[in-house]
Amino acid sequence: MNKRLDRKPDLFPHTFHEPDQPEAPLFTSVDDVSARLAETGYLASPAVATTVFLADRLGKPLLVEGPAGVGKTELAKAVAEVAGARLVRLQCYEGVDESRALYEWNHAKQLLRISAGRDETWDEARTDIFSEEFLLPRPLLTAIRGDDPKVLLIDETDKADVEVEGLLLEVLSDFQVTVPELGTVTATRRPFVVLTSNASRELSEALRRRCLFLHIGFPDEELERRIVRLKVPGLTEALTESVVRVVGALRAMDLRKVPSVAETIDWARTLLALGADTLDEQVVRDSLGVILKHQDDIQKAAAKLDLDAL
Ligand SMILES: Nc1ncnc2c1ncn2[C@@H]1O[C@H](COP(=O)(O)OP(=O)(O)O)[C@@H](O)[C@H]1O
Ligand SMILES: [Mg+2]
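All figures in this text were calculated on a predicted structure; none of them were measured in a lab.

### Some words on the overall build of the protein chain
Helix and strand counts for the protein chain come out as 15 helices and nine strands. Taking 2.2 N^0.38 as the reference for a compact globule, 310 residues should give roughly 19 Å; the C-alpha atoms of the protein chain span a radius of gyration of 24 Å, well beyond that estimate. Expressed as a percentage of the 310 residues in the protein chain, the buried residues total 46%. Taking the contacts inside the protein chain whose residues are at least 6 apart along the sequence as the reference set, 75% of them involve residues at least 24 apart. Approximately 15,600 Å² of the protein chain is accessible, and the part contributed by carbon and sulfur atoms is 51%.

### So, the environment of Ala49
Residue placement: Ala49 occurs in helix α3 (residues 46–58). When its relative accessible area of 0% is taken as the criterion, Ala49 is described as buried. For Ala49 and Asp32, which are 17 residues apart along the polypeptide, the C-alpha to C-alpha distance reads 8.7 Å. When neighbours within four sequence positions are excluded, Ala49 is seen to be in contact with Val30, Val33, Ser34 and Ala44.

### Here's the deal with the pattern of salt bridges
A side chain of one charge can pair with a side chain of the opposite charge when the charged atoms of the two come close. Under the counting rule described, the total for this entry stands at 21 salt bridges. A salt bridge links Lys159 to Glu156, with the nearest nitrogen and oxygen atoms 2.4 Å apart. Under the relative-accessibility criterion, Glu156 is labelled partly exposed at 22%. Because the salt bridges share partners, they merge into one network encompassing Arg86, Asp148 and Lys150.

### A closer look at unusual backbone geometry
One non-glycine residue, Glu156, lies in the positive phi region at around 55°. With respect to the helices, strands and loops of the structure, Glu156 is situated in the loop between β5 (150–155) and α9 (162–174). Look at Ala199: it is not a glycine, yet its phi comes out positive at around 60°. Considering the arrangement of structural elements, one finds Ala199 in the loop between β8 (192–197) and α10 (205–210).

### Considering the site of ligand 1
Neighbouring residues of ligand 1: 16 residues in total, closest Leu43, Gly69, Lys72, Thr73 and Glu74. Leu43 has a polar backbone atom sitting 2.7 Å from a nitrogen atom of ligand 1. Here an oxygen atom of ligand 1 sits 2.8 Å away from a polar atom, N or O, in the main chain of Glu74. Put simply, the parts of the chain that give the shell around ligand 1 at least two residues each are α4 (72–83), α11 (221–231) and α13 (261–274). A per-class count over the shell around ligand 1 returns nine nonpolar, four polar and three charged. Residues lining the shell around ligand 1 come from more than one domain, with at least three contributed by each of domain 1 (9–102 + 138–215) and domain 2 (221–309).

### Section: the confidence of the model for the protein chain
The share of residues in the protein chain with pLDDT of 70 or more is 93%, and the mean pLDDT across the chain is 91. For the stretch residues 13–20, pLDDT sits under 50, and the model shows 16 contacts to residues farther than four places along the chain or on other chains.

### Remarks on the pairing of strand β7 (residues 183–186)
Of the strand pairs in this sheet, strand β6 (residues 176–179) and β7 are connected by four bridges, and their pairing is antiparallel. By the bridge assignment, Thr178 is partnered in β7 with Thr184. Connecting β6 to the next strand, β7, in antiparallel fashion are three residues.

### Points about α3
Its 13 residues give α3 an end-to-end C-alpha distance of 18 Å, which sits within 8% of 18 Å, the value for a rise of 1.5 Å per residue. On its buried side, α3 packs onto α2 (30–39), β1 (62–65), α4, β8 and β9 (212–215). Phi for Gly59, located one or two positions after α3, is positive at around 65°.

### What to know about the sheet that holds β1
Hydrogen bonds between backbone groups are what pair the strands of a sheet, and the pairing can be parallel or antiparallel. The strand order β2-β5-β8-β1-β9 describes an open sheet built from five strands, whose pairing is parallel. Every other strand in the sheet has two partners, leaving β2 (86–91) and β9 as the edge strands with one partner each. Each neighbouring strand pair of the sheet contributes to a mean axis angle of 20°, computed without reference to strand direction. Where β1 meets β9, four bridges bridge the pair, whose relative direction is parallel. Note that in β9 the partner of Val64 across the bridge is Leu214. The strands touched by α3 are β1, β8 and β9; relative to β9, the strand with the most contacts, the crossing angle is about 165°. Helix-sheet contacts for α4 involve β1, β2, β5, β8 and β9, and the interaxial angle to β5 is about 170°.

Definitions and cut-offs
Residues numbered from 1 in each chain as written. Chains lettered and ligands numbered in written order. Predicted model: local features only at pLDDT ≥ 70, side-chain atom pairs only at ≥ 80, totals over all residues. Heavy atoms only, no water. Helix = DSSP H or I, 4+ residues; strand = E, 2+ residues; numbered from the N terminus. Rg over C-alpha atoms; globule rule 2.2 N^0.38 Å. Buried < 20%, exposed > 50% of the residue type's maximum accessible area, 1.4 Å probe, protein only. Contact = heavy atoms within 4.5 Å. Areas by Shrake-Rupley, 256 points an atom, 1.4 Å probe, with all protein chains shown as cover. Salt bridge = Lys/Arg side-chain N within 4 Å of Asp/Glu carboxyl O. Near = heavy atom within 4 Å. Polar contact = N/O pair within 3.5 Å; in protein donor to acceptor, adjacent residues only side chain to side chain. Nonpolar A, V, L, I, M, F, W, Y, C, P; charged D, E, K, R; others polar. Domains from an automatic or database assignment. pLDDT = per-residue confidence, 0-100. Pairing = 2+ DSSP bridges. Expected span 1.5 Å × (residues − 1). Axes fitted to C-alpha atoms, helices over the stretch in contact; angles between N-to-C directions.

Structure representation (structure tokens):
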């Protein structure tokens, strides 16, 4: 056995320890998921509520794919809030690597420690500088250590390089991380894991197999109206309906970037701020920049949108 582990047995208290029992489930039913997410301000479609329920029951990571702004990140935050859990977030980007995702050593502190202890042998110093005190845990390690409940959000997974998927797969298979100098940490309490992806590239089959898959698309009109009512309570019912209908019409157009739920909410807030009481052509033209982010989209929409026909 590793000598350093003998020396400091309390550093990784859960070393070589398998979880005894599955965690108590967070939710009692699909309706319970919907109701409690709603309390935090997240309105789940039946598909979302069902998959979250299953992910919790089966103890599987949830892979959420869909366009930007449909509430993928927000879902993970809402689950954390409901669970009274800490949200541990690994934001993926091109170039994210093990040292950013898993752990790294605090080199500056190690150097200071070595120069402070000049009389020591290298072996003595080495034992010390590869100990807990000099370890910088990153999200994946943080998420599997300790007994407090956690939600691990691996956000925008498709932005990471393919090699990182191997690492994710390893961690999500065993909920184990090995730090060669310290030993193996095994989660005693598995986090609820949410991976999100914009599908800018396909994630590997192996990673998909490990997860429960959920596609979140644009909400239907009824759900989107409920979201607007919840997020922008001051808006009149008539305007709420118009906003959702116009956004729906824009989504049906061939635009470079169609508006998402985030834009619907922004637009509703804008109309409230403008004190508009109906969506006439003037109001739409003046505020289209809130929902469309390309000039050619704005021109196309202004030409094609027929408010009377909606
Ligand atoms: N079902 C929903 N219920 C409540 N708010 C939502 C919902 N879907 C989207 N939103 C809102 O839309 C915005 C964008 O959500 P976000 O999670 O950042 O999108 P994504 O991660 O899919 O790009 C957030 O402000 C969020 O509150
Ligand atoms: Mg997001």
